[in-house]
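# Descriptive structure summary
Letter by letter, the chains look like this.
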Amino acid sequence: MDWLNRLMALDRRWIFLLVAIGTALPIIFPIGFKVSVTPPAKALFDRIEQMGPDDVVLLSFDYGPSTAPENDPMADAVLRHCFSKRVKVVLLSLFPIGGVTMADQSLARVLRDFPDIRRGIDYAHLGYKSGSQATMKQMGEDIHRVFPTDRYGMALSEVPLLQRVRTYDDMKLVVSFATGIIGEWWANLINAQFHIPVAVGCTAVSAPKYYAYLQSGQMVGLLGGLKGASEYERLVIDRYPIVEAAYTRAGLYTAIKGMDAQTIIHTLILLFIIMANVAFFAGRGRAAQAKR
Amino acid sequence: MNLLGIWIASFLTLCIFSFLYKDNPFFRFAESLFAGVSLGYYIGQEADQTIRPNLIEPLRTNFAGNWDLLIPALIGVNLYTRYIPKANWWARWSLAIYVGYYVGVNMVQKLHGEVLPQMQSTVVPLSLSAGPMGLLNNLILIAGVLSVLIYFFFSLEHKGAVGLTSRVGIWFLMLGFGAAFGYTVMGRVSLLIGRLNYLITQWAMGTVDALGRLL
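## Re the overall build of chain B
- Along chain B, the regular secondary structure elements total 7 helices and 0 strands.
- Put simply, chain B runs from its N terminus to its C terminus through helices and strands in the order α-α-α-α-α-α-α.
- In terms of overall dimensions, chain B is more spread out than a globule: its C-alpha atoms have a radius of gyration of 28 Å, far above the 17 Å expected for 215 residues.
- Seen along its three principal axes, the alpha-carbon backbone of chain B occupies a region of about 70 × 65 × 40 Å.
- The long-range fraction of contacts in chain B, counting pairs at least 24 apart against all pairs at least 6 apart in sequence, stands at 27%.
- By element, 75% of the accessible surface of chain B is carried by carbon and sulfur atoms, the whole surface being about 15000 Å².

In structure tokens form, the structure reads like this:
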């Protein structure tokens, strides 16, 4: 039973090293595990799929660089979907530490593949505004008052798309890519008060609580963490093959690629849990035997 | 220039990762730098994206039409009187307005946006009209809500039927915690994947590409 003592006393840095290797290998040598789509992601996809070129979607970038590996792929996928459908998009951020930069970067990554999408006509970028709930509530009365200018310093009245968008009534859907509580506010404040459909792309850590809003009908779709993002990428690629070229570009980080490493690491963690439990119970049995 | 930025970002990532081996000055340097840069970024964004377009510019271009903006501005500035020992009580007025507003918003938000819709969504049909799977789901939902509520009901001793139901509640809670923990693992691993992907594809492969172009 010497192996048991060694296992129980294993320096956890060996586990860190194994996890690092298990993560790095699928990044270098992609496996291409199949991505299955769940109803919450499909519901959001279908909702945008039903829209036309006159419809407007509000995308709120409520996350920062600390959760970009989870939120970036979902934001990019939804943006690609909207631009493929020619659905009009209004971007903004309510998250102070990096939200507006995340929106800028997502837009830059996606616009590379849509050269005919025009700023101010097909999309508008409102930038960041502080005030959280107060800002969100005021937007229900007049967006032009809350955002006197867009991200590029242009008066909203001079932005063609925003000339017909003044309140939530002029939009069909809000999608919040959220790291914290702001996504919840869209569901329990804005949906409750203004009845605009809301979907949230959240980090995996906060996904369980969003299922309650989904189940109660306060949200129309949910992308939970990297898995949700990979599902949306799959849906967009399958429906719009032209987008596939963007997703196969070398060096581009995508959720589908990330799920390879995710699957390997989850298997590894399951093995660790089983090994630790075997060692724990075997050790307890041995201690009980020694007592007798 | 782009490669220099990638090297700096990669170096800082490795500084943070070095904590996994043990605490060290590189980790503390990167941590302090991150805190400082975040604060600077925050102040810059607030000034550029909110204070300038929503306060300074309207006052500068049309003072007569926007003079009322001075009221919230003064309430905000008044918060800083707490640093003046003789006038620090003034800040309480601003704080009271701030707290009062958000208590009002949150009260309605919690009741109208959480309590009532969540209660409403637990009123589900216990008949085959929802289909066999729907019925099973609804039964699980109701059993879960009631047993967990009873677990948190402390006015009765948890013995007999109440004790049994509260034990079922514990199982529902454990299942919930398990799902939350599974998602947490997935979230943390996703962040690791993001950083390692950056180190491998941007830093290592980017540097090899740049050297290849040079040679």
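## With respect to the environment of T149 of chain A
- Among the structural elements, T149 of chain A can be located in the loop between α7 (143-146) and α8 (160-163).
- In this structure, the C-alpha to C-alpha distance between T149 of chain A and G127 of chain A, residues 22 residues apart in sequence, is 8.8 Å.
- Aside from chain neighbours lying at most four places away, what touches T149 of chain A is L126, M154, A155 and L156 of chain A together with P53 of chain B.

## Some words on the interface of chain B and chain A
- Listed by partner, the interface residues are 42 residues for chain B and 59 residues for chain A.
- Around 4100 Å² of area is buried between chain B and chain A when both sides are counted, 62% of it from carbon and sulfur atoms.
- Along the contact surface separating chain B from chain A lie 0 salt bridges.
- Counting the contacts that link chain B with chain A gives 23 residue pairs in polar contact (both at pLDDT 80 or more).
- Counting only elements with at least two residues in the side of chain B that touches chain A, the list comes to α2 (25-61), α5 (90-121) and α7 (160-214) of chain B.
- Considering each element in turn, the side of chain B that touches chain A owes the most residues, 19 residues, to α7 of chain B.
- Classifying every residue of the side of chain B that touches chain A by side-chain character gives 21 nonpolar, 18 polar and 3 charged.

## Focus on the domain arrangement of chain A
- In terms of domain boundaries, chain A breaks down into domain 1 (3-27 + 260-291) and domain 2 (35-253).
- Once you take the C-alpha centre of each, domain 1 of chain A and domain 2 of chain A turn out to be 40 Å apart.

## Some details on the packing of aromatic side chains
- Applying the stated rule across the entire model yields 17 aromatic pairs over all chains.
- Summarising the aromatic geometry, the rings of Y210 of chain A and Y213 of chain A are spaced 6.3 Å apart at their centres and angled 50° between planes, so their arrangement reads as tilted. Remark: Y213 of chain A and Y210 of chain A occur in helix α10 (residues 207-215); sequence separation between them is 3 residues, near one turn of the helix. With respect to class, Y210 of chain A is no different from Y213 of chain A; both count as buried.
- Seen in terms of ring centroids, Y101 of chain B and Y102 of chain B are 4.9 Å apart; in terms of plane orientation they differ by 85°. Their pairing is edge-to-face.

## Describing the side chain of N24 of chain B
Residues and elements named next belong to chain B.
- On the secondary structure map, N24 appears in the loop between α1 (2-17) and α2.
- We classify N24 as buried; its relative accessible area is 14%.
- At 2.9 Å, the side chain of N24 and the backbone nitrogen of F26 are in polar contact.
- A polar side-chain atom of N24 sits 2.9 Å from the main-chain amide nitrogen of F27.
- Ignoring anything within four residues of it in the chain, the contact list for N24 reads S18 and F19.

## Considering the environment of N71 of chain A
Residue and element names in this part refer to chain A.
- With respect to the helices, strands and loops of the structure, N71 is situated in helix α4 (residues 68-85).
- Distance in space between the C-alpha atoms of N71 and A255 is 9.5 Å, their sequence separation being 184 residues.
- If we ignore the near neighbours within four places in the chain, the residues touching N71 are Y63, F177, A178, T179, G201, C202 and T203.

## What about α2 of chain B?
All names here are of chain B.
- Taking 1.5 Å of rise per residue, 37 residues should cover 54 Å, and α2 covers 50 Å from first to last C-alpha, within 8% of that figure.
- At R52, α2 shows its largest bend, some 60°, and a proline, P53, comes one to four positions later.
- F27, A30, S38, Q45, E46, Q49, T50, P53, P58 and L59 are the residues of α2 that are buried.
- Where α2 begins, the capping side chain belongs to N24, and its oxygen is found 2.9 Å from the backbone nitrogen of F26.

## What about the side chain of Q45 of chain B?
- If you trace the backbone, Q45 of chain B turns up in helix α2.
- Q45 of chain B sits in the buried class, given a relative accessible area of 11%.

## A word on a nonpolar patch on the surface
- On the surface, a nonpolar cluster with roughly 960 Å² of combined accessible area is contributed by L79, Y80, Y83, L95, Y98, V99, V103, M107 and V108 of chain B.
- Residue classification places V108 of chain B among the exposed residues on the basis of a relative accessible area of 52%.

## A word on the pattern of salt bridges
- Counted according to the given criterion, the structure contains 21 salt bridges over all chains.
- Between E114 of chain B and K110 of chain B there is a salt bridge, and its shortest N-O distance comes to 3.3 Å. Taken together, the residues span about one helical turn, with E114 of chain B and K110 of chain B both in helix α5 at a distance of 4 residues.
- Take K110 of chain B: its relative accessible area is 39%, and that puts it in the partly exposed class.
- It is possible to trace a salt-bridge network through shared partners that takes in D72, D76 and R109 of chain A.

## Topic: the sheet that holds strand β2 (residues 88-93) of chain A
All names here are of chain A.
- Read from one edge of the open sheet, 6 strands run β3-β2-β1-β4-β5-β6, paired in parallel fashion. One side of each edge strand has no neighbouring strand; the edge strands of this open sheet are β3 (123-128) and β6 (221-224). Sheet twist, expressed as the average angle between the axes of neighbouring strands with direction ignored, equals 15°.
- Looking at chain direction, strand β5 (residues 198-202) and β6 are connected through 4 bridges and run parallel. Considered in β6, the bridge of A199 is made with G221.

Reading the values: the criteria
- Residues numbered from 1 in each chain as written.
- Chains lettered and ligands numbered in written order.
- Predicted model: local features only at pLDDT ≥ 70, side-chain atom pairs only at ≥ 80, totals over all residues.
- Heavy atoms only, no water.
- Helix = DSSP H or I, 4+ residues; strand = E, 2+ residues; numbered from the N terminus.
- Rg over C-alpha atoms; globule rule 2.2 N^0.38 Å.
- Contact = heavy atoms within 4.5 Å.
- Areas by Shrake-Rupley, 256 points an atom, 1.4 Å probe, with all protein chains shown as cover.
- Buried area = accessible area lost by both parts, 1.4 Å probe.
- Salt bridge = Lys/Arg side-chain N within 4 Å of Asp/Glu carboxyl O.
- Polar contact = N/O pair within 3.5 Å; in protein donor to acceptor, adjacent residues only side chain to side chain.
- Nonpolar A, V, L, I, M, F, W, Y, C, P; charged D, E, K, R; others polar.
- Domains from an automatic or database assignment.
- Phe/Tyr/Trp six-rings, centres within 6.5 Å; stacked < 30°, edge-to-face > 60°.
- Buried < 20%, exposed > 50% of the residue type's maximum accessible area, 1.4 Å probe, protein only.
- Expected span 1.5 Å × (residues − 1).
- Bend = angle between axes of the 7 residues up to and from the residue.
- Patch = residues over 30% accessible without salt bridge, like charges linked within 9 Å, V, L, I, M, F, W, Y side chains within 5 Å.
- Pairing = 2+ DSSP bridges.
- Axes fitted to C-alpha atoms, helices over the stretch in contact; angles between N-to-C directions.

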